[in-house]
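Chain by chain, the residues:
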Amino acid sequence: MNWLSMVANRLLWFVPTLVGLLAIVFVLSRVIPVDPAVLAAGENSSPEQVQQVRERFGFDKPLPVQFVNYLRDIAQGNLGVSLFTQQPIIDDLKSRLPATLELTIFAVLIAGFIGIPLGVLCGLHRNSWIDHVLRVVTVSGLAVASFWLAMQFQFLFSMKLGWLPLSGRIEGFPPETVTGLMLVDAMIEGDREMIGSAFRHIVLPTLTLALPAAATVVRFTRNGVIGVIGSPSVAYQTAMGLPRRLIVWKYVLRMALTATVTQLGLIFGILLAGAVVVETVFDWPGLGAYAVRSILQSDYNAVMGFTLCTGALFVLINLLVDMLQAAIDPRGAA
Amino acid sequence: MSNLLDIQALSLGFRTEKGIAKVLDRIDISVKPGEIVGLVGESGCGKSTLARAILGTLPEGQTEINSGHIRLDGVDMLSGGKAAEHLRGRVVTFVPQDPFASFNPLFRIGTQIQDLMRFKAPRDGAGSFGRSRKADEASAIAMLDAVQLPQPKAILAKYPHQLSGGQRQRVMIAMALLPQPRMIIADEPTTALDVTVQAQILGLLRRLAVERGVSVLFTTHDLGAAWEICDRIVVMYAGQTAEIAPREQFFGDPRHPYTRMLLDSLPSPGRDPVGIPGGVPSPLKAPDGCRFNPRCPRATDICHESRPALTTGSDGHAVACHHPWLAKAEGAHV
């Protein structure tokens, strides 16, 4: 099977996966021990008012009918209205998604740039002192709670040294929104001060987010390299006298990365979970902070919207990972 | 004529958890220019270790070289220096046992050939700028044609898993010939192939080697394969050289008891094959003296006490045995 038919196959599966996700979100929303009609009508409303709301939103219809209506609403981009701000939830998500994407994209890049070379180093010098040191560091990196790490960073770099701002995305006027990624928009605008400010603000949150992900990348890359370095193909190339750097950085690395790339979906999950904490600590106006706020305010429609949005994002990322995987490994397109 | 490959009194062992495994015990082997030498013995006799020692792919940090030397074209191949590195892939090339595992599965055949040529193939004429992709491609295609692969140009664009086992081994032979070496080490090159393909590959290897005057050191446990292509045969037993004989004398007039028993274990018309009782001794606890003594019907006290020296007769037939069968003592054996 070639790459294109593989992608078509995966795209075909994308739709049922998404419907499955919607079904789970829908059932969750109906089994939580809160009457959505009461929530929507407000705590102090009369039973008549609640009944009115129930009929208006169709909560009195059978569940399958409700599910079909729910699917229709979603298809039209209608995720309901925030019980707190009275804004359509889709608008809230749209305005906050770019901030989270900015964090996660930069975090993935940093995790890759730090994690891949270190992983190769550990794999090549297995059980040497550098491997042992990095093993301790990566295990701690995975074990450390990100809110603790975030606060240590704030304490050291913002409060003690004063190098970086404590929280927020930018100081002064933000750039015109083009991509929604503050740093990229600032670059498009070309204002040096703006770029600097956006950069200084993003450093600590991305680092906090990236370090656990980098630890994962190190471990997978290391194990990938160890699996490949003893293989007959490396022995063959060594016997034929090919330069070590060509063997390692071209042939071994590509083999090792197939293992790492498969884990990108997992890593992205770690990042999304981490974003909830990191955005709250750094007051970063993304989806994570939105979720925390919505939960605290019992803004049930918003929580459902967030769940759906991150779930869809996760499915989408895994689709991309599959495509990337198939592009790297010609055998895997099955 | 002086020897191209000269191995003298080579002893080496591997450090294991249970002590040192003495895998090679004072091995003497030489190969003349253009000569095809077969290295025959059971699994675990050390023939692949010997091939790896020449090619520099012994396990790093676990190998102990106790005595002896390997000289190829006058260069010490055990030193690990630049000179040995330079020879590998140029003067001596390699045809591996498992052609599938020895290719990197993620790169096209053409890419892997091109990388080899970039570093190892001699430049034709046009000075230091003479190395062009076009010229490399043309000589690669010509070589694939020489190993009788149909549609050689299409093969360059394929991945290893898209070729059959026989095709992959033909590509390996082409890659071994492209640097225009003086010697090819072929480590059980047909073991992984179908029986019907084995004979074709052996015939091809012999024909191309003879045409180009390339020496071949060919390891095998298959006496039939050795008969097919070798000029001279070296029998190894448990890390020791047992007998070295020209092909005709090896099959017609074997002198070492082990060689005789090996030949008797082959099926032939009108006679039942006879197995050799016992098993190959562990290199961790090799017997003193001649390592074959526990299984040898002719063994006496001296065989337990002292190692027989390899003595060469006037006919170039060498045997390491205290009680060899005398030349033609009992008439032709086969």
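Each value, and the rule that gives it
- Residues numbered from 1 in each chain as written.
- Chains lettered and ligands numbered in written order.
- Predicted model: local features only at pLDDT ≥ 70, side-chain atom pairs only at ≥ 80, totals over all residues.
- Heavy atoms only, no water.
- UniProt positions renumbered as here; feature names shortened; annotations may be inferred.
- Helix = DSSP H or I, 4+ residues; strand = E, 2+ residues; numbered from the N terminus.
- Rg over C-alpha atoms; globule rule 2.2 N^0.38 Å.
- Buried < 20%, exposed > 50% of the residue type's maximum accessible area, 1.4 Å probe, protein only.
- Contact = heavy atoms within 4.5 Å.
- Buried area = accessible area lost by both parts, 1.4 Å probe.
- Salt bridge = Lys/Arg side-chain N within 4 Å of Asp/Glu carboxyl O.
- Polar contact = N/O pair within 3.5 Å; in protein donor to acceptor, adjacent residues only side chain to side chain.
- Nonpolar A, V, L, I, M, F, W, Y, C, P; charged D, E, K, R; others polar.
- Pairing = 2+ DSSP bridges.
- Axes fitted to C-alpha atoms, helices over the stretch in contact; angles between N-to-C directions.
- Parallel < 35°, antiparallel > 145°, perpendicular 65-115°, else oblique.
- Core = buried A, V, L, I, M, F, W, Y, C linked by side-chain atoms within 4.5 Å.

- Recorded in UniProt under Sequence similarities (unreviewed entry), the annotation for chain B is "Belongs to the ABC transporter superfamily."

- Looking at an unreviewed UniProt entry, one finds chain A named Peptide/nickel transport system permease protein and attributed to Bosea robiniae.
- Heading Subcellular location (unreviewed entry) of the UniProt record for chain A holds this comment: "Cell membrane".
- As stated in UniProt under Sequence similarities (unreviewed entry), the record for chain A gives "Belongs to the binding-protein-dependent transport system permease family."

**Considering the overall build of chain B**
So, point 1. Scanning chain B for helices and strands turns up 12 helices and 12 strands.
So, point 2. Its C-alpha atoms give chain B a radius of gyration of 21 Å, near enough to 20 Å, the size a compact globule of 334 residues would have.
So, point 3. Taking the principal axes of its C-alpha atoms as reference, chain B extends roughly 65 × 45 × 40 Å.
So, point 4. Taken over 334 residues, chain B has a buried fraction of 50%.

**Let's talk about unusual backbone geometry**
So, point 1. The residue A:Asn127 is not glycine, and still its phi comes out positive at about 65°.
So, point 2. Looking at the secondary structure, you find A:Asn127 in the loop between α5 (89-124) and α6 (129-143).
So, point 3. One non-glycine residue with positive phi stands out, namely B:Gln180, at about 55°.
So, point 4. Position of B:Gln180 relative to the elements: it lies in the loop between α7 (165-177) and β7 (183-187).

**Thoughts on the interface of chain B and chain A**
So, point 1. Opposite the 28 residues of chain B that make contact, chain A presents 21 residues.
So, point 2. Across the chain B/chain A interface, buried area totals approximately 2200 Å², and carbon plus sulfur atoms make up 70% of it.
So, point 3. At the junction of chain B and chain A, the tally comes to one salt bridge.
So, point 4. In this structure, the salt-bridge partner of B:Asp115 is A:Lys250, at a minimum N-O distance of 2.7 Å.
So, point 5. The interface formed by chain B and chain A contains five residue pairs in polar contact (both at pLDDT 80 or more).
So, point 6. Those elements that place two or more of their residues in the side of chain B that touches chain A are β6 (92-95), α3 (99-102), α4 (109-120) and α7 of chain B.
So, point 7. Here the residues of the side of chain B that touches chain A sort into 14 nonpolar, nine polar and five charged.

**Here we look at the sheet that holds strand β9 (residues 232-237) of chain B**
All names here are of chain B.
So, point 1. Spatial strand order, β6-β7-β8-β3-β9-β10-β12-β11: eight strands in an open sheet with mixed pairing. Strands at the two margins of the open sheet, each flanked by one partner only, are β6 and β11 (311-312).
So, point 2. In terms of strand pairing, β7 meets strand β8 (residues 215-220) through five bridges, oriented parallel. Considered in β8, the bridge of isoleucine 185 is made with leucine 217.
So, point 3. Strand contacts of α7: β6 and β7, with the helix running at about 175° to β6, the strand carrying the most contacts.
So, point 4. In the packing of helix α11 (residues 257-264) onto the sheet, contacts are made with β3 (36-40), β9 and β10 (240-246), and the angle to β9 comes to roughly 100°.

**What to know about the UniProt feature "domain: ABC transmembrane type-1" (unreviewed entry) in chain A**
So, point 1. The UniProt record marks residues 97-325 of chain A with the feature "domain: ABC transmembrane type-1" (unreviewed entry), using the residue numbering of this structure.
So, point 2. In residues 97-325 of chain A, helix accounts for 81% and strand for 0%; the two terminal C-alpha atoms are 26 Å from one another.

**Some thoughts on the pairing of β6(B)**
Residue and element names in this part refer to chain B.
So, point 1. Burial along β6 is two-sided: the face carrying Val92 and Phe94 and the face carrying Thr93 and Val95 are both buried.
So, point 2. Note: β6 against β7, four bridges, orientation parallel. Among the inter-strand pairings, threonine 93 is bridged to a residue of β7, identified as isoleucine 184.

**Considerations on the pattern of salt bridges**
Residues and elements named next belong to chain B.
So, point 1. Enumeration according to the criterion identifies 18 salt bridges over all chains in this entry.
So, point 2. For arginine 182, the salt bridge is made with aspartate 73, and the minimal N-O distance between the two is 3.0 Å. A residue pair is termed long-range when its members are at least 10 positions apart, and arginine 182 in the loop between α7 and β7 and aspartate 73 in the loop between β4 (63-72) and β5 (75-76) qualify at 109 residues.
So, point 3. The class for aspartate 73 is partly exposed, based on a relative accessible area of 38%.
So, point 4. Across the pair glutamate 211 and arginine 207 runs a salt bridge whose closest N-O atoms are separated by 2.9 Å. Here the residue glutamate 211 and the residue arginine 207 both occupy positions in helix α8 (residues 195-212), the gap between them amounting to four residues, near one helical turn.

**Some points on the packing of α5(A) against helix α11 (residues 244-262) of chain A**
All names here are of chain A.
So, point 1. The N-to-C vectors of α5 and α11 enclose an angle of 110°; their axes lie 11 Å apart at closest approach. On the basis of the axis angle, α5 is roughly perpendicular to α11. Residues Ile116, Val120 and Leu124 of α5 form the contact with α11, whose participating residues are Arg244, Val248, Trp249, Leu253 and Leu257.
So, point 2. Grouping the constituent residues of the contact of α5 with α11 by class yields seven nonpolar, no polar and one charged.

**Section: the nonpolar core**
So, point 1. Grouped together as the largest cluster of nonpolar side chains are 119 residues, with contacts concentrated most on B:Ile113 and B:Val171.
So, point 2. For this core, the element with the highest residue contribution is α11(A), accounting for 10 residues.

**Details of the pairing of strand β1 (residues 5-16) of chain B**
All names here are of chain B.
So, point 1. Note: β1 against strand β2 (residues 19-31), nine bridges, orientation antiparallel. If you follow glycine 13 over to β2, its bridge partner there is lysine 22.
So, point 2. Where β1 folds back on β2, the antiparallel hairpin that results is connected by two residues.
So, point 3. Bridge count between β1 and β4: eight bridges; the pairing is antiparallel. Pairing of leucine 12 across the sheet is with isoleucine 65, part of β4.

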